[in-house]
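Listed below are the residues making up each chain.
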Amino acid sequence: MSTLSGKTALVTGGSRGIGRAIAERLGRDGARVGVHYGRDETAAKETVAAIEAAGGSAFPVRALLGTEGDAETLWAAFDAQADGLDILVNNAGITGPRTGIQGSTPEEFDALFAVNVKAPFFITRLGLSRLRDGGRIINLSTGLTRRAGAMTDIVAYTMSKGALDQFTVSLAKEFGPRGITVNAVAPGVIDTDMNADWLRGGEEARDSVAGSSPLGRLGQPADVADIAGFLASDDARWVTGQWVDAAGGALL
């Protein structure tokens, strides 16, 4: 496919999990993809290599999010390899410790919001001057913002994604006149490294998650990436300000 031919994309947290799947999907669709990473250079290079092996074009972008000047660092690295932007995917995020409100510390809370809220806010703020008219912004949310009580041990994470949901709506309203669409994709539990500690520890956890979906299986990164691919395309030109349920019906 070449639906995104001539377009340039940036996927934060694009070296692993859902971010890698999105980067690879956009690459297959013809976009030149900036694969952002924080620490794992090897994973980023593997993602770039995978995109290129499939006939696409990609380049790594390093910036440690949640640190002073992270957005400036990211865009300086991006600008060194690209001229302008068409698709911004704010995917990078952390869940933080699974300790609920009672076990959370101020330091952990601040670190979580620095990565999940502050970083996408300022990455987007600085990116808007680079984003061409008719561009796309896709924010990765979570189904938990509509079913917060499902996992109270990561309440701060859910709160941070709730902020991103409101950010999505506000951006869609403000930048619609430029033809820029802004949408949030909200996965349920996806089989990624982020969930490996508890999800891959035994069949019971996997079966329980699979059973929460009417489709009867565990969500995969590609399930979310294909939704992002649609939202990035011209087919989604009339979709903006939306929260797209990507939880396989688990919220029904």
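Residues numbered from 1 in each chain as written. Predicted model: local features only at pLDDT ≥ 70, side-chain atom pairs only at ≥ 80, totals over all residues. Heavy atoms only, no water.

1. So, the packing of aromatic side chains
For any pair of aromatic rings, the description rests on two quantities: the centre-to-centre distance and the angle between the ring planes.
Reasoning step 1: Summed over the entire model, instances satisfying the criterion amount to 5 aromatic pairs.
Reasoning step 2: Three or more aromatic residues link up through ring pairs in this structure, and these residues are Phe59, Trp75 and Phe78.
Reasoning step 3: Across from the ring centre of Trp243, 3.9 Å away, lies the NZ or CZ of Arg146, which sits over that ring. (Phe/Tyr/Trp six-rings, centres within 6.5 Å; stacked < 30°, edge-to-face > 60°. Lys NZ or Arg CZ within 6 Å of the ring centre and 35° of its normal.)

2. Section: the pairing of strand 1 (residues 8-11)
Reasoning step 1: On strand 1, burial covers both faces: Thr8 and Leu10 on one face and Ala9 and Val11 on the other are all buried.
Reasoning step 2: By the bridge criterion, 4 bridges tie strand 1 to strand 2 (residues 32-37) in an arrangement that is parallel. By the bridge assignment, Leu10 is partnered in strand 2 with Gly34.
Reasoning step 3: Relative to strand 4 (residues 85-90), strand 1 runs parallel, the two sharing 3 bridges. Across the sheet, residue Ala9 finds its bridge partner in strand 4, namely Ile87. (Buried < 20%, exposed > 50% of the residue type's maximum accessible area, 1.4 Å probe, protein only. Helix = DSSP H or I, 4+ residues; strand = E, 2+ residues; numbered from the N terminus. Pairing = 2+ DSSP bridges.)

3. Brief notes about the nonpolar core
Reasoning step 1: Grouped together as the largest cluster of nonpolar side chains are 27 residues, with contacts concentrated most on Ile22, Leu26, Val33, Val89, Ile138 and Leu140.
Reasoning step 2: Elements with a minimum of two residues in this core: strand 1, helix 1 (17-28), strand 2, helix 2 (41-53), strand 4, strand 5 (131-140) and helix 9 (221-232).
Reasoning step 3: Ignoring anything within four residues of it in the chain, the contact list for Val89 reads Leu10, Val11, Thr12, Ile22, Leu26, Ile138 and Leu140.
Reasoning step 4: Core analysis: the second largest hydrophobic core is formed by 25 residues, Val61, Ala92, Ala172 and Ile180 among them. (Core = buried A, V, L, I, M, F, W, Y, C linked by side-chain atoms within 4.5 Å. Contact = heavy atoms within 4.5 Å.)

4. A word on helix 5 (residues 106-127)
Reasoning step 1: Here helix 5 spans 29 Å end to end across 22 residues, near enough to the 32 Å set by a 1.5 Å rise per residue.
Reasoning step 2: Where helix 5 bends most, at Ala114, the angle is about 40°.
Reasoning step 3: For helix 5, the elements touching its buried residues are helix 3 (70-79), strand 4, strand 5 and helix 6 (155-175). (Expected span 1.5 Å × (residues − 1). Bend = angle between axes of the 7 residues up to and from the residue.)

5. As for the layout of surface pockets
Reasoning step 1: Taken as a whole, the second largest pocket spans an internal volume of roughly 160 Å³.
Reasoning step 2: Among the elements of the structure, helix 3 and helix 5 are those that each provide at least two residues to the lining of the second largest pocket.
Reasoning step 3: Classifying every residue of the lining of the second largest pocket gives 3 nonpolar, 3 polar and 4 charged. (1 Å grid on protein atoms, 1.4 Å probe; cavity = no way out; pocket = protein on both sides within 12 Å on 5 of 7 lines; lining within 4 Å. Points joined across faces, edges and corners; volume = space filled by probe spheres on them. Nonpolar A, V, L, I, M, F, W, Y, C, P; charged D, E, K, R; others polar.)

6. Considerations on the sheet that holds strand 5
Reasoning step 1: Taken in spatial order, the 7 strands line up as 3-2-1-4-5-6-7 in an open sheet, and their pairing is parallel. Since the sheet does not close on itself, it has two edges, and those belong to strand 3 (57-62) and strand 7 (243-246), each with one partner. The mean inter-strand angle of the sheet, taken between neighbouring strand axes irrespective of direction, is 20°.
Reasoning step 2: Summarising the sheet, strand 5 and strand 6 (residues 181-187) pair through 5 bridges and their orientation is parallel. Following the sheet pairing, Leu140 is matched in strand 6 by Val185. (Axes fitted to C-alpha atoms, helices over the stretch in contact; angles between N-to-C directions.)

7. A short note on empty space enclosed by the protein
Reasoning step 1: The final tally for this structure, using the stated rule, is 1 cavity of 30 Å³ or more.
Reasoning step 2: Here the largest cavity is characterised by a volume of approximately 80 Å³.
Reasoning step 3: Lining the largest cavity are 14 residues, and of these Thr95, Pro97, Ser104, Leu112 and Ala156 sit closest to its centre.
Reasoning step 4: Put simply, the parts of the chain that give the lining of the largest cavity at least two residues each are helix 5 and helix 6.
Reasoning step 5: Partitioned by chemical class, the residues of the lining of the largest cavity number 7 nonpolar, 5 polar and 2 charged.

8. Examining the confidence of the model for the protein
Reasoning step 1: Counting all residues, the mean pLDDT for the protein is 93, and 94% of those residues have values of 70 or more.
Reasoning step 2: Mean pLDDT across the elements of the protein ranges from a minimum in helix 7 (residues 196-199), with 58, to a maximum in strand 1, with 99. (pLDDT = per-residue confidence, 0-100.)

9. Side note on the pattern of salt bridges
Two side chains carrying opposite charge are able to pair once their charged atoms lie near each other.
Reasoning step 1: Going through the model one piece at a time under the given rule, you end up with 10 salt bridges.
Reasoning step 2: The shortest N-O distance in the salt bridge between Asp226 and Arg25 comes to 2.9 Å. On the criterion of sequence distance, the pair formed by Asp226 in helix 9 and Arg25 in helix 1 is long-range, its members being 201 residues apart.
Reasoning step 3: Linking Arg130 and Asp79 is a salt bridge whose minimum nitrogen-to-oxygen distance equals 2.7 Å. Note that Arg130 is positioned in the loop between helix 5 and strand 5 and Asp79 in helix 3, a separation of 51 residues in sequence.
Reasoning step 4: Overall, Arg130 belongs to the partly exposed group, its relative accessible area being 23%.
Reasoning step 5: Salt bridges here are not isolated pairs; linked through shared partners, they connect Arg25, Asp29 and Asp226. (Salt bridge = Lys/Arg side-chain N within 4 Å of Asp/Glu carboxyl O.)

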